[in-house]
Amino acid sequence: HRILCVVGARPNFMKMAPVMAALAALPGIEGKLVHTGQHYDVTMNHQYFQALGIAAPDINLEVGSGSHAQQTAQVMRRFEPALDELAPAAVLVVGDVNSTLACALVAAKRGVPVIHVEAGLRSFDRAMPEEINRVLTDQLSDLLFTTEESGRANLLKEGIAEERIHFVGNVMIDTLRLNLPRAVPVGRIAADAGRPGFAAGGHAVLTLHRPANVDDAQVLRRLLETVAQISDRVPVLFPVHPRTRAAIERFGLMPLLDRPAILLLPPLGYLEMLGLMRDARVVLTDSGGIQEETTALGTPCITLRQNTERPITVDEGTNTIAGSDPAVILAAFDSVLAGAGKAGRIPHFWDGRAAERIAFIVRDWLVQR
Ligand code: UD1
């Protein structure tokens, strides 16, 4: 049985790595990797593959950037012939990026079963492109694997048949646990950036890339002003996503970040990012995955969004939803520094074995079909 596994953007790579490994361990199953090329910069792409030990993709569709319609359409056009040529028993997609939906749609229309890993997450905010990708991908999927129990309830409400849904835990946390011993300490990252000792007394990490935060000049300015205030108390390391760097430059906001206690970094490799989060006093982010990774690491997380599709990180983990209001962010930050942040516990099945569960269920399902 051949399974075509699709990755496109940075957050897909660390989810797919353990799934490919678990499939490879099963005789009679052959995983083939397709990279759509949605992310293509060395820093967004190659250094991830290397760090995670993923084999080079069998196929690279090299779609690159574009509007959502262009990007989605390009992936679909280029994925269809690859699908026909490889004739897999199923297509396996992860997460919620444009490549996820595009390939799921092509497969479904070709009558090829779709497997969705990280199904059922819902922010209930259709202004997020990922929310649209999630809802539609789940509607197209034959087998849906959830990371937390909220996913099952969301899927049932949308009419997904119960027998298609399997709660298996979080494959991204499989990757985190496997690689934690190799995480790069923050001291080395600062030294490599020419600022040895920058984070010696503790540090905060910032990541920002969501359109709602970075595409609006007023919102972005307020966020960066808040970060400047935070840096008066704890030095801030800020790996800058290409989209965010472009926005900061376009809006002329770079001077706000020109401070001794703010260190701008290029997008980091997986092991660097892991070390940065592990060693941090607090992480401020609008990412989805980082909310989960900080919960798994026990590092306090302040989420710079109005909502989360990952409620377990708030209910059980270390996550606090703060939005983009400076007063709310600073209050959450104060509370973490005062030691009143959330201790959190590790959610059920975030145990490093999610991909193994997935592989066994997929195999049994293929055999029964
Ligand atoms: C995508 C995902 C988002 C995910 C994020 C992680 C969608 C809808 N969004 O957002 O869910 O959290 O990846 O990074 O799929 N760019 C580069 N080099 C690259 C890739 C992108 O410079 O290798 C720049 C381009 O200017 C591009 C912009 O970043 O236009 C946005 O890239 P895109 O892939 O469209 O979305 P992301 O914002 O990265």
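Note that the structure is predicted; figures quoted are calculated from it, not measured. (Residues numbered from 1 in each chain as written. Predicted model: local features only at pLDDT ≥ 70, side-chain atom pairs only at ≥ 80, totals over all residues. Heavy atoms only, no water.)

*Asks:* Which parts of the structure should I look at to understand the sheet that holds strand β13 (residues 319–321)?
*Replies:* Strand order across the open sheet formed by six strands is β10-β9-β8-β11-β12-β13, with parallel pairing between neighbours. Only two strands of the sheet have a single neighbouring strand rather than two, namely β10 (262–265) and β13. The sheet shows a mean angle of 20° between the axes of neighbouring strands, direction not considered. In this structure, strand β12 (residues 301–303) lies alongside β13, joined through three bridges in parallel fashion. When the bridges of β13 are listed, Ile-302 appears paired with Thr-320. (Pairing = 2+ DSSP bridges. Helix = DSSP H or I, 4+ residues; strand = E, 2+ residues; numbered from the N terminus. Axes fitted to C-alpha atoms, helices over the stretch in contact; angles between N-to-C directions.)

*Asks:* Just checking my understanding: could you explain helix α14 (residues 289–297) for this structure?
*Replies:* Every α-helical turn comprises 3.6 residues, leaving residues that sit three or four positions apart pointing alike. Counting buried residues in α14 gives eight out of nine residues, a clear majority hidden from the surface. What α14 keeps buried is the set Gly-289, Ile-290, Gln-291, Glu-292, Glu-293, Thr-294, Thr-295 and Ala-296. Phi turns positive, to about 75°, at Gly-298, one or two residues after α14. (Buried < 20%, exposed > 50% of the residue type's maximum accessible area, 1.4 Å probe, protein only.)

*Asks:* Where do I start with the site of the ligand in this structure?
*Replies:* Inspection of the region around the ligand gives 19 residues, with His-39, Tyr-40, Asp-41, Glu-130 and His-209 positioned closest. One of the side-chain N or O atoms of His-39 is found 2.7 Å from an oxygen atom in the ligand. Residue Glu-130 places a side-chain N or O atom 2.6 Å away from an oxygen atom belonging to the ligand. Of all the elements in the fold, those that place two or more residues in the shell around the ligand are α1 (10–24), α3 (68–86) and α11 (242–250). Looking at the shell around the ligand, its residues break down into six nonpolar, eight polar and five charged. Viewed by domain, the shell around the ligand spans two of them, domain 1 (2–169 + 350–368) and domain 2 (184–337), each represented by three or more residues. (Near = heavy atom within 4 Å. Polar contact = N/O pair within 3.5 Å; in protein donor to acceptor, adjacent residues only side chain to side chain. Nonpolar A, V, L, I, M, F, W, Y, C, P; charged D, E, K, R; others polar. Domains from an automatic or database assignment.)

*Asks:* Which parts of the structure should I look at to understand the sheet that holds strand β1 (residues 2–7)?
*Replies:* Judged by pairing direction, the sheet is parallel, and its seven strands sit side by side in the order β3-β2-β1-β4-β5-β6-β7 without closing on themselves. The open sheet is flanked by β3 (59–60) and β7 (165–167), the only strands paired with a single partner. As paired strands, strand β5 (residues 114–119) and strand β6 (residues 143–146) are joined by four bridges and run parallel to one another. Note on β6: the bridge partner recorded for Ile-115 is Leu-143. Packed onto the sheet, α1 meets β1, β2 (30–35), β4 (90–94) and β5 and runs at close to 165° relative to β1. (Contact = heavy atoms within 4.5 Å.)

*Asks:* What's the story with unusual backbone geometry in this structure? I'm lost.
*Replies:* Backbone geometry follows two general trends: most residues other than glycine have a negative phi, and most peptide bonds adopt the trans configuration. Positive phi is not limited to glycine here, since Ala-87 has a value of about 40°. When you line up the elements, Ala-87 lands in the loop between α3 and β4. Judged by relative accessible area, which is 56%, Ala-87 ranks as exposed. Of note, the phi angle at Glu-118 is positive, near 85°, even though the residue is not glycine. Inspection of the secondary structure puts Glu-118 in strand β5.

*Asks:* Would you mind showing me how to read the packing of aromatic side chains here?
*Replies:* Pairs of aromatic rings are described using the distance from one ring centre to the other and the angle between the two planes. Evaluated as defined, the whole model comprises four aromatic pairs. Here the aromatic rings of Phe-13 and Tyr-48 are separated by 6.3 Å at their centres, their planes lie at 55°, and the arrangement is tilted. Placement of the pair is Phe-13 in helix α1 and Tyr-48 in helix α2 (residues 46–52), with a sequence separation of 35 residues. Classification of Tyr-48 as buried rests on a relative accessible area of 3%. Aromatic pair Phe-167 and Phe-349: ring centres 5.2 Å apart, planes at 40°, arrangement tilted. One end of the pair, Phe-167, is in strand β7; the other, Phe-349, is in the loop between α16 (326–337) and α17 (354–368), and 182 residues separate them in sequence. (Phe/Tyr/Trp six-rings, centres within 6.5 Å; stacked < 30°, edge-to-face > 60°.)

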